[in-house]
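Here is how the chains run, residue by residue.
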Amino acid sequence: MFLDYLFLGFNTATAFSPTDVLPLTRRAKSLMMVESTISLLTLVIVAARAINVLP
């Protein structure tokens with residue numbers, strides 16, 4: 001299904017892939033993608049703020 005390919009591509013592109021357990025249901029895959037997106041956005045915001053502080 002499309003969500004399986006989307007999940008694989010998203011995890012490969014962001015490097016937030018699960019290492020020991022793979023989710024089997026579509027709901028779990030969707031929730032893991034949302035969690036990874038939130039983590040990625042948090043890292044980007046923190047890095048942007050840190051770079052802005054430097055003279």
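Below is a summary of the structure that appears in this document.

Procedures and definitions
Residues numbered from 1 in each chain as written. Predicted model: local features only at pLDDT ≥ 70, side-chain atom pairs only at ≥ 80, totals over all residues. Heavy atoms only, no water. Helix = DSSP H or I, 4+ residues; strand = E, 2+ residues; numbered from the N terminus. Rg over C-alpha atoms; globule rule 2.2 N^0.38 Å. Areas by Shrake-Rupley, 256 points an atom, 1.4 Å probe, with all protein chains shown as cover. Buried < 20%, exposed > 50% of the residue type's maximum accessible area, 1.4 Å probe, protein only. Contact = heavy atoms within 4.5 Å. Expected span 1.5 Å × (residues − 1). Axes fitted to C-alpha atoms, helices over the stretch in contact; angles between N-to-C directions. Parallel < 35°, antiparallel > 145°, perpendicular 65-115°, else oblique. Left-handed = near helix turned anticlockwise from the far one by under 90°.

To continue, consider the overall build of the chain. For the chain, the count of helices and strands is two helices and zero strands. The C-alpha atoms of the chain give 14 Å as radius of gyration, which overshoots the globular expectation for 55 residues (10 Å, by more than 25%). Across its three principal axes, the chain shows a C-alpha extent of roughly 50 × 20 × 15 Å. Accessible area for the chain stands at about 4,700 Å²; split by element, carbon and sulfur atoms hold 72% of it.

On to the side chain of Asn-11. Mapping Asn-11 onto the fold places it in helix H1 (residues 2–14). Given a relative accessible area of 7%, Asn-11 falls into the buried group. Sequence-distant contacts of Asn-11, that is, excluding residues within four places in its chain, are made with Phe-16, Ser-17, Pro-18 and Ser-36.

Before going further, it helps to examine the environment of Thr-37. Mapped onto the elements of the fold, Thr-37 is located in helix H2 (residues 26–53). Each C-alpha atom of the pair Thr-37 and Asp-4 lies 17 Å from the other, and the pair is 33 residues apart in sequence.

With that settled, consider H2. With 28 residues, H2 extends 41 Å from end C-alpha to end C-alpha; this agrees with the ideal 40 Å at 1.5 Å per step. Along H2, the positions that sit buried rather than exposed are Lys-29, Met-33 and Ser-36. On its buried face, H2 is in contact with H1.

For any two helices packed against each other, one specifies the crossing angle of their axes together with the interaxial distance. Between H1 and H2, the shortest axis-to-axis distance is 10 Å and the interhelical angle comes to 25 degrees. When the interaxial angle is binned, H1 and H2 end up roughly parallel. Relative to H2, the crossing made by H1 is left-handed. Facing Leu-3, Asp-4, Leu-6, Phe-7, Phe-10, Asn-11 and Thr-14 of H1, the residues of H2 in contact are Arg-26, Lys-29, Ser-30, Met-32, Met-33, Ser-36, Thr-37 and Leu-40.

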